[in-house]
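What follows is the residue order along each chain.
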Amino acid sequence: MNNILKESKDRNFGFDFIDNQPIFLVPAQLYQSSWEKPFDMYKKIRFYSQILINYNKKKESDINAKEALKNLSSLNVIIGYINLIVDYLENDEFILLENYYNKGNKRINWNKTLKSHDVIIQNNTIFYGSMISKNKKKVLNNDFLYLYKYALNEALYLFKGKYINKEKENKYSLNQIKYIINKYDDEHFSDRDNYIVSALKSIYFNSNFDKINENKFKTPYHEKFEFIWEHMIEEIIPRDKKIKNIKIPKGKYIRFNDNSIQNGADYKLDHIILSEENKSVHILDSKFYNYYEGGKAPSTESISKQENYKNIIKELIKEKYKGYHVYNYFIFPKNKVGESIEYFAKHEIEIKKDCKEQIIHCIAFNIEKVIELYIDNKYSHRLYEKVVNIKD
């Protein structure tokens, strides 16, 4: 089996293409070298793909919103193909059935039988010369089925290098495609119908099938996982526990010879938790390092930056949160089973006996659990409880 899940040394996450063949890049912490069956691999890629969808939606509010939306549209096409492959491997090819009636004694349709003219009445007894049975047969010619087979063909050729159907050319305009899919959606309601419709909408509604773009499957759609990790941690922190909209004041350069001023950029701290019960403020910094598993720890530069944030935050909140203690944390990923959240290390400098500075508490959070919470749009109250109950 061709394992299209590949480890990225640069910690990229998402789709890339090598010689027009798609692969899905993951950092070492998520890499799996072998699979029991192809279905498991494609199902995992479908799971990871939702992270890309969520993260790209977050980028809509960024400066490059138009580029992000374009990227999201193209990404939806590829993920639609993945969804079709998962369904195909789990359930076999999607088919449509229609009712037909014939003469026979199995599954008698009494409504049709009673309306038939093959009836004999003898000695006040009714005899039916033949019974009408209701059966089902495969639909061979259907617009929706054609679109499904065409898209599945594209998916299997793109990811597995083979066709299974003869529908190798799209014969409909984009408006016709939308009408066909929406009409089917309005008339069919099973879970599998809904799944197939959703996959086809991802493919066709995000594509320009009037003008086939030869490069549409050659563009990488991946992100640095450290940015995704930071966003996931931000999203799973309970919103009502955060201090919002704290900005680090802008720095500025003052040039003496002409008194010109060059301002720095705004910097907003996202991971700031408040505990009124403990009278404490907690600054979290997400670090996608393999430190918990024995890898390297953050550099001195990261430590100094975090300590600097702590001192600035103390000044910014001292009026509103008088007497509150401020703590620092790094949030690392972990793979090992057991507790999903662990307080496993801390950084400190002992200036003199009983005087320690630059204390940063290190918490490891199971990466698969973080992804699960992120995709399901759920908060981690356990992370909050773990953080606010750690003391210097």
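Please read these numbers as outputs of a predicted model, since none were measured by experiment.

## Description of the overall build of the chain
Looking only at helices and strands, the chain features 10 helices and 17 strands. Taking all 392 residues of the chain together, the buried fraction comes to 44%. Expressed as a percentage of contacts within the chain between residues at least 6 apart in sequence, the contacts between residues at least 24 apart total 69%. Of the roughly 22,800 Å² that the chain leaves accessible, carbon and sulfur atoms contribute 46%.

## Thoughts on the pairing of strand E2 (residues 12–18)
Where burial is concerned, most of E2 is hidden: 6 out of the 7 residues are buried. Here E2 runs beside strand E8 (residues 221–224); their pairing, made up of 4 bridges, is antiparallel. Bridge pairing links phenylalanine 15 to tyrosine 221 in E8. One ladder, built from 5 bridges, connects E2 with strand E3 (residues 21–26); its direction is antiparallel.

## Observations concerning the nonpolar core
Residues Phe13, Phe15, Phe159 and Trp229 are the most contacted members of the largest nonpolar core, which totals 82 residues. Per-element tally for this core: the top contributor is helix H4 (residues 143–160), with 12 residues.

## A word on the sheet that holds strand E1 (residues 5–7)
Strand order in this open sheet of 4 strands is E1-E3-E2-E8, and the pairing throughout is mixed. The two strands at the open ends of the sheet, each matched to only one other strand, are E1 and E8. Averaged over all neighbouring strand pairs, the angle between strand axes comes to 35 degrees, with direction disregarded. In this fold helix H7 (residues 225–236) packs onto E2 and E8, with an angle of close to 75 degrees to the strand it touches most, E8.

## Details of the pattern of salt bridges
Two side chains bearing opposite charge may form a pair once their charged atoms approach each other closely. Using the criterion set out here, one finds 14 salt bridges in the structure. Glutamate 315 is paired through a salt bridge with lysine 318; the nearest N and O atoms lie 2.9 Å apart.

## Overview of the packing of helix H1 (residues 38–58) against H7
The N-to-C vectors of H1 and H7 enclose an angle of 80 degrees; their axes lie 11 Å apart at closest approach. Here H7 runs roughly perpendicular to H1, going by the angle between their axes. Seen from H1, the contacting residues are Ile51, Leu52, Asn54, Tyr55 and Lys58; seen from H7, they are Phe227, Ile228, His231 and Met232. Each residue belonging to the contact of H1 with H7 can be placed in one class, and the counts come to 6 nonpolar, 2 polar and 1 charged.

## Focus on unusual backbone geometry
Of note, asparagine 259 is a non-glycine position whose phi angle comes to about 60 degrees, a positive value. On the basis of relative accessible area, asparagine 259 is assigned to the exposed category, the value being 61%. A positive phi angle, near 50 degrees, is found at lysine 279, a position not held by glycine. Relative to the elements of secondary structure, lysine 279 occurs in the loop between strand E13 (272–275) and strand E14 (280–286). Taking relative accessible area as the criterion, lysine 279 reaches 42% and is therefore assigned partly exposed.

## Some words on the packing of aromatic side chains
Considering all chains together, one arrives at 19 aromatic pairs under this definition. Relative to phenylalanine 288, the ring of tryptophan 229 has its centre 5.9 Å away and its plane inclined at 55 degrees; by these criteria the two rings are tilted. In this pair, tryptophan 229 sits in helix H7 while phenylalanine 288 sits in the loop between E14 and helix H8 (300–317), placing the two residues 59 residues apart along the sequence. According to the relative accessible area criterion, tryptophan 229 is buried, its value standing at 0%. Phenylalanine 288 gets classed as buried once you look at its relative accessible area, which sits at 2%. Note on phenylalanine 330 and phenylalanine 332: the rings are 6.1 Å apart at their centroids and 85 degrees apart in plane angle, and the pair reads as edge-to-face. The burial state of phenylalanine 330 is the same as that of phenylalanine 332; both residues are buried. Taken together, the ring pairs in this structure connect Phe13, Phe15, Phe24, Phe47, Tyr48, Phe225, Trp229 and Phe288 into an aromatic cluster. The positively charged end of lysine 171 is found above the aromatic ring belonging to tyrosine 146, 4.3 Å away from the centroid. The ring of phenylalanine 205 carries the charged tip of lysine 178 above its face, separated from the ring centre by 5.7 Å.

What counts and how
Residues numbered from 1 in each chain as written. Predicted model: local features only at pLDDT ≥ 70, side-chain atom pairs only at ≥ 80, totals over all residues. Heavy atoms only, no water. Helix = DSSP H or I, 4+ residues; strand = E, 2+ residues; numbered from the N terminus. Buried < 20%, exposed > 50% of the residue type's maximum accessible area, 1.4 Å probe, protein only. Contact = heavy atoms within 4.5 Å. Areas by Shrake-Rupley, 256 points an atom, 1.4 Å probe, with all protein chains shown as cover. Pairing = 2+ DSSP bridges. Core = buried A, V, L, I, M, F, W, Y, C linked by side-chain atoms within 4.5 Å. Axes fitted to C-alpha atoms, helices over the stretch in contact; angles between N-to-C directions. Salt bridge = Lys/Arg side-chain N within 4 Å of Asp/Glu carboxyl O. Parallel < 35°, antiparallel > 145°, perpendicular 65-115°, else oblique. Nonpolar A, V, L, I, M, F, W, Y, C, P; charged D, E, K, R; others polar. Phe/Tyr/Trp six-rings, centres within 6.5 Å; stacked < 30°, edge-to-face > 60°. Lys NZ or Arg CZ within 6 Å of the ring centre and 35° of its normal.

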